[in-house]
Amino acid sequence: MKNKLIFQIAISLLLARWKQTLVAAIGVTFSITMFVTLLSFMTGLNDLLDGLILNRTAHVRLFKELSISKNQPADVYYKNTKGHNFIRSVKPKNERLDISNSGAIISTLQKDARVLGVAPKITAQVFYNVGSIDLTGVINGIEPLEENRLFKFNDYVTAGNFLDLKNIPNSVILGKGLAEKMMVTIGDVVQVTTSKGERLSLKVVGFFQSGLQDIDKVQSYASIKTTQKLLGASANYITDIQIKLKDILGAPAAAKEFESFYEVDAIDIQTANSQFETGSSVRSLISYAVGITLLIVAGFGIYNILNMMIYEKMDSIAILKAVGFSGGDVNKIFISIALSIGFFGGAMGLLGGLGLSSLIDQIPFNTDSLPTVKTYPINYNPNFYIIGGIFSIITTYFAGYFPARKASSIDPVIIIRGK
Amino acid sequence: MESLHVTKYFHDPVTIKILNNINFSLYESEFVSIIGKSGCGKSTLLYILSTMDTDYEGDIVIDGVSMKGKSEKILARVRNEKIGFVFQFHYLLNEFSVLKNVMLPGLKLGLYSEKEIEHRAYEKLKILGIENEALKMPNQLSGGQKQRVAIARALINDPLLIMGDEPTGNLDKKNSEIVFDIFQELAQEFKQTLLIVTHDNEFAARTTRIIEMEDGQIIRM
């Protein structure tokens with residue numbers, strides 16, 4: 001009953017000055033709209049850029065690195081003597097590049113509860129023979145189905161069908177840049193030579209475009225079997241095991257564990273791509289800062305308008321107090337005025353933000369490096385709307401708080417006698 | 001209602017004793033006027049008695065309850081429930097209709113439902129002969145009508161006491177007459193207690209009791 005009365009008075013005061021109210025509400029609407037749009041757009045862009053790398057990169061990659069032996073004979077022999085051994089020009093020993101016992105490692109990993117999927121990979125250095133010249137390049141041997149499930153391989157295949165890698169023997173998907181250099185189209189046959197001199201003819205079944213030109217100029221994909229054949233290796237020859245985890249944040253710990261457990265080298269995505277993490281968190285920080293600044297500016301607008309309203313309504317406040325409204329009641333009236341501006345302005349702002357971001361979502365955005373992206377990226381994360389809504393209420397509350405306190409402390413005697 | 005040893009100082013720009021040891025009592029259904037020269041402290045006394053001004057020495061007793069040291073919230077409640085106020089200027093809220101203006105203190109008190117308060121407001125307006133103006137906005141009324149609305153508002157909660165600070169000060173002769181007749185009618189027919197500050201001696205002469213003040217002291221009561 002009492003609150004209803006206070007609310008009625010607040011609404012009447014608001015409507016009596018509806019133009020000012022509208023300006024204040026538009027201020028809030030504008031800032032919330034921009035806040036939501038900015039964050040949606042920024043995050044959309046962030047996701048896109050991160051996705052370029054993160055989607056294609058294994059969370060943990062197991063591999064074997066050629067390095068010098070950690071136990072040098074000299075160290076073993078002079079173990080019990082005092083002093084240091086200085087050994088210069090140590091060369092790595094001739095080891096096989098493949099991961100030993102890869103089949104067992106893969107099947108154990110697939111049973112691990114933290115692991116979303118495992119995809120084996122072979123990297124082979126090759127020469128593409130074009131007429132009388134040879135182009136250096138790399139053929140990645142993959143399992144097309146797993147590669148697509150875990151790393152969205154199909155998104156980057158711009159021509160042809162990636163499943164042909166599996167279905168057609170001795171087939172290859174060439175990087176777009178490489179294909180242009182070799183002037184081949186789908187259905188043509190290319191000759192490749194391995195570093196050990198073995199030759200093989202591969203049928204081109206598609207092109208891929210990664211978004212990074214340097215990669216597109218040298219890399220191509222073939223199935224694991226084709227690559228093993230190319231290298232003349234056995235069926236368990238695997239050089240890399242790519243692991244995708246359910247929780248990306250667990251990657252560093254998992255990498256350490258796998259490294260010691262399987263006695264291979266392991267690198268996690270955070271270590272391999274630390275610059276992306278930093279980039280996206282700084283970008284989000286900037287968009288939040290800009291958004292919150294907009295809201296605070298709108299808050300000052302409301303503060304000014306309420307302050308003016310209080311000067312205009314001095315008499316009314318005085319008389320309300322004279323007829324029995326306490327300072328607390330007057331305070332509540334002005335807080336409700338501020339909050340209703342914040343509430344309606346904020347609600348309109350959220351709608352505006354949704355509208356504006358879906359508008360941006362329609363704007364065409366074609367770039368050669370991103371074959372799957374047709375329009376500007378927008379992230380419709382409900383959190384932005386929740387933050388925007390809560391923030392509009394909080395800012396307007398504080399904008400109303402000080403004027404309301406001032407109004408509640410007005411001495412009616414001074415106003416009434418002043419006339 | 002009693003005023004016990006009320007003394008007040010104005011501190012700005014220099015400390016002046018504006019009221020000096022004022023003692024008097026007001027009984028039910030009395031129609032009292034306070035007169036005195038400009039600046040003698042009669043309005044100041046009224047605002048202290050109305051509980052709006054709390055910066056004084058001494059004590060005010062309304063309906064047997066001391067007002068000294070009560071919180072702002074309790075005093076607001078006392079004003080709402082027990083005191084009706086009519087000022088020199090009408091002080092109606094322009095955002096509300098006449099009816100709503102009259103209803104406001106009643107809604108604030110919350111003793112009756114909104115429907116009942118509306119009904120009571122109509123009754124009060126009828127007593128004052130302006131029930132036809134109920135749905136107009138205050139700025140559509142004449143000065144005399146506005147003052148009558150203000151009186152209706154003062155009456156809405158059936159207060160123990162109606163206080164007036166020169167309620168006819170802004171009105172012409174004819175309207176002053178109407179307002180005075182209303183006060184007289186309230187006093188005689190409804191046994192309403194009234195305490196009116198005025199500098200109009202003619203007005204005062206027709207009340208049942210006159211309190212005359214000079215230099216912050218009561219010289220006749």
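Residues numbered from 1 in each chain as written. Chains lettered and ligands numbered in written order. Predicted model: local features only at pLDDT ≥ 70, side-chain atom pairs only at ≥ 80, totals over all residues.

Caption draft 1: Examining the overall build of chain A more closely. Within chain A one finds 16 helices and ten strands. Taking 2.2 N^0.38 as the reference for a compact globule, 419 residues should give roughly 22 Å; the C-alpha atoms of chain A span a radius of gyration of 33 Å, well beyond that estimate. Overall, chain A is about 105 × 65 × 40 Å in size when its C-alpha atoms are taken along their principal axes. Here chain A, with 419 residues, has 39% of them falling under the buried criterion. Once local pairs closer than 6 in sequence are excluded, the contacts in chain A between residues at least 24 apart make up 78%. (Helix = DSSP H or I, 4+ residues; strand = E, 2+ residues; numbered from the N terminus. Rg over C-alpha atoms; globule rule 2.2 N^0.38 Å. Buried ≥ 20, exposed ≤ 12 C-beta atoms within 10 Å, placed from the backbone. Contact = placed C-beta atoms within 7 Å.)

Caption draft 2: Structural detail: the overall build of chain B. The helix and strand inventory of chain B stands at seven helices and ten strands. The C-alpha atoms of chain B give a radius of gyration of 17 Å, which matches the 17 Å a tight globule of 221 residues would have. In terms of its C-alpha atoms, chain B occupies a principal-axis envelope of roughly 50 × 40 × 35 Å. Out of the 221 residues belonging to chain B, those deemed buried represent 48%.

Caption draft 3: A look at the environment of Phe 162 of chain A. Residues and elements named next belong to chain A. You can see Phe 162 is positioned in the loop between β4 (157-160) and α6 (164-167). In this structure Phe 162 comes out as buried when scored by C-beta crowding, with 21 C-beta atoms within 10 Å. With 85 residues separating them in the primary sequence, Phe 162 and Asp 247 have C-alpha atoms 28 Å apart. Residues within four places of Phe 162 in sequence aside, it is in contact with Pro 144, Asn 148, Phe 153, Asn 154, Val 157, Ile 173 and Gly 206.

Caption draft 4: Here's a closer look at the sheet that holds strand β6 (residues 83-86) of chain B. All names here are of chain B. Strand order in this open sheet of six strands is β6-β7-β8-β3-β9-β10, and the pairing throughout is mixed. Looking at strand neighbours, the two that pair on one side only are β6 and β10 (217-220), the edges of this open sheet. Each strand axis lies, on average, 25 degrees off the axis of its neighbour in the sheet, ignoring direction. Sheet strands in contact with helix α1 (residues 42-49) are β3 (31-36), β7 (161-165), β8 (193-197) and β9 (209-214), and its direction is about 150 degrees off that of β7. (Pairing = 2+ DSSP bridges. Axes fitted to C-alpha atoms, helices over the stretch in contact; angles between N-to-C directions.)

Caption draft 5: Quick look at the interface of chain B and chain A. Taken together, the 24 residues of chain B in the interface contact 22 residues of chain A. For the side of chain B that touches chain A, the secondary structure elements donating two or more residues are α1, α2 (72-82) and α3 (98-109) of chain B.

Caption draft 6: Structural view of the packing of helix α5 (residues 143-155) of chain B against helix α6 (residues 173-189) of chain B. Residue and element names in this part refer to chain B. At a closest axis distance of 9 Å, the pairing of α5 and α6 adopts a crossing angle of 20 degrees. Put simply, α5 runs roughly parallel to α6. As α5 runs across α6, the sense of the crossing is right-handed. Within the contact between the two elements, α5 uses Gly 143, Gly 144, Gln 147, Arg 148 and Ile 151 and α6 uses Asn 175, Ile 178, Val 179 and Ile 182. When its residues are assigned to classes, the contact of α5 with α6 shows four nonpolar, four polar and one charged. (Parallel < 35°, antiparallel > 145°, perpendicular 65-115°, else oblique. Left-handed = near helix turned anticlockwise from the far one by under 90°. Nonpolar A, V, L, I, M, F, W, Y, C, P; charged D, E, K, R; others polar.)

Caption draft 7: Focus on α1 of chain B. Residues and elements named next belong to chain B. Counting buried positions along α1 yields eight of eight residues, so the element is predominantly enclosed. Within α1 the residues assigned to the buried category are Lys 42, Ser 43, Thr 44, Leu 45, Leu 46, Tyr 47, Ile 48 and Leu 49. Positive phi shows up at Thr 51, right after α1, with a value of about 75 degrees.

Caption draft 8: The arrangement of the nonpolar core in detail. In terms of nonpolar packing, the biggest core is built from 106 residues, with Ile 302, Leu 306 and Phe 334 of chain A together with Val 102 of chain B touching the most fellow members. Ranked by residues supplied to this core, first place goes to helix α2 (residues 18-54) of chain A with ten residues. With sequence-adjacent residues up to four places away left out, Ile 302 of chain A is seen in contact with Ala 24, Gly 27, Ala 338, Ile 341, Thr 396, Ala 399 and Gly 400 of chain A. Ranked by size, the runner-up nonpolar core spans 50 residues in total, among them Ala 179, Val 190, Tyr 221 and Ile 269 of chain A. (Core = buried A, V, L, I, M, F, W, Y, C linked by C-beta atoms within 7 Å.)

Caption draft 9: The arrangement of the pairing of β6 of chain B in detail. All names here are of chain B. Of the two faces of β6, the one lined by Ile 83 and Phe 85 and the one lined by Gly 84 and Val 86 are each fully buried. Bridge count between β6 and β7: four bridges; the pairing is parallel. Bridged to Val 86 within β7 is Gly 164.

Caption draft 10: View of the domain arrangement of chain A. Annotation of chain A at the domain level lists domain 1 (2-54 + 276-418) and domain 2 (60-77 + 94-272). Once you take the C-alpha centre of each, domain 1 of chain A and domain 2 of chain A turn out to be 52 Å apart. (Domains from an automatic or database assignment.)

Caption draft 11: Representation of unusual backbone geometry within the structure. Its identity is not glycine, yet Glu 263 of chain A carries a phi of approximately 55 degrees, on the positive side. With respect to the secondary-structure elements, Glu 263 of chain A resides in the loop between α10 (251-262) and β10 (265-268). Residue Lys 191 of chain B is not a glycine yet carries a positive backbone phi of 55 degrees. Here Lys 191 of chain B shows up in the loop between α6 and β8.

Caption draft 12: Up close: the environment of Gly 143 of chain B. Residue and element names in this part refer to chain B. Relative to the helices and strands, Gly 143 resides in helix α5. Gly 143 sits 28 residues away from Leu 171 along the chain, and the two C-alpha atoms are 7.0 Å apart. Aside from chain neighbours lying at most four places away, what touches Gly 143 is Asn 170, Leu 171 and Asn 175.

Caption draft 13: Expanded view of the confidence of the model for chain B. Taken as a whole, chain B shows an average pLDDT of 81; of its residues, 94% reach a score of 70 or greater. Among the scores for the predicted complex, ipTM is 0.82 and pTM is 0.70. (pLDDT = per-residue confidence, 0-100.)

Caption draft 14: Local environment of the packing of α2 of chain A against helix α15 (residues 382-408) of chain A. Residue and element names in this part refer to chain A. It is the contact of α2 with α15, at a shortest axis distance of 10 Å, that shows an interaxial angle of 150 degrees. In this view, α2 runs roughly antiparallel relative to α15, as classed from their interaxial angle. The handedness of the crossing between α2 and α15 comes out as right-handed. Residues Val 28, Ile 32, Phe 35, Val 36, Leu 39 and Ser 40 of α2 form the contact with α15, whose own contacting residues are Phe 384, Tyr 385, Gly 388, Ser 392 and Thr 396.

Caption draft 15: Inspection of α3 of chain B at higher detail. Residue and element names in this part refer to chain B. The buried fraction of α3 amounts to eleven of the twelve residues, a majority that puts the element mostly inside the structure. Among all positions in α3, only Val 98, Leu 99, Lys 100, Asn 101, Val 102, Met 103, Leu 104, Pro 105, Gly 106, Leu 107 and Lys 108 are buried. Within two residues after α3, Gly 110 carries a phi angle of roughly 65 degrees, on the positive side.

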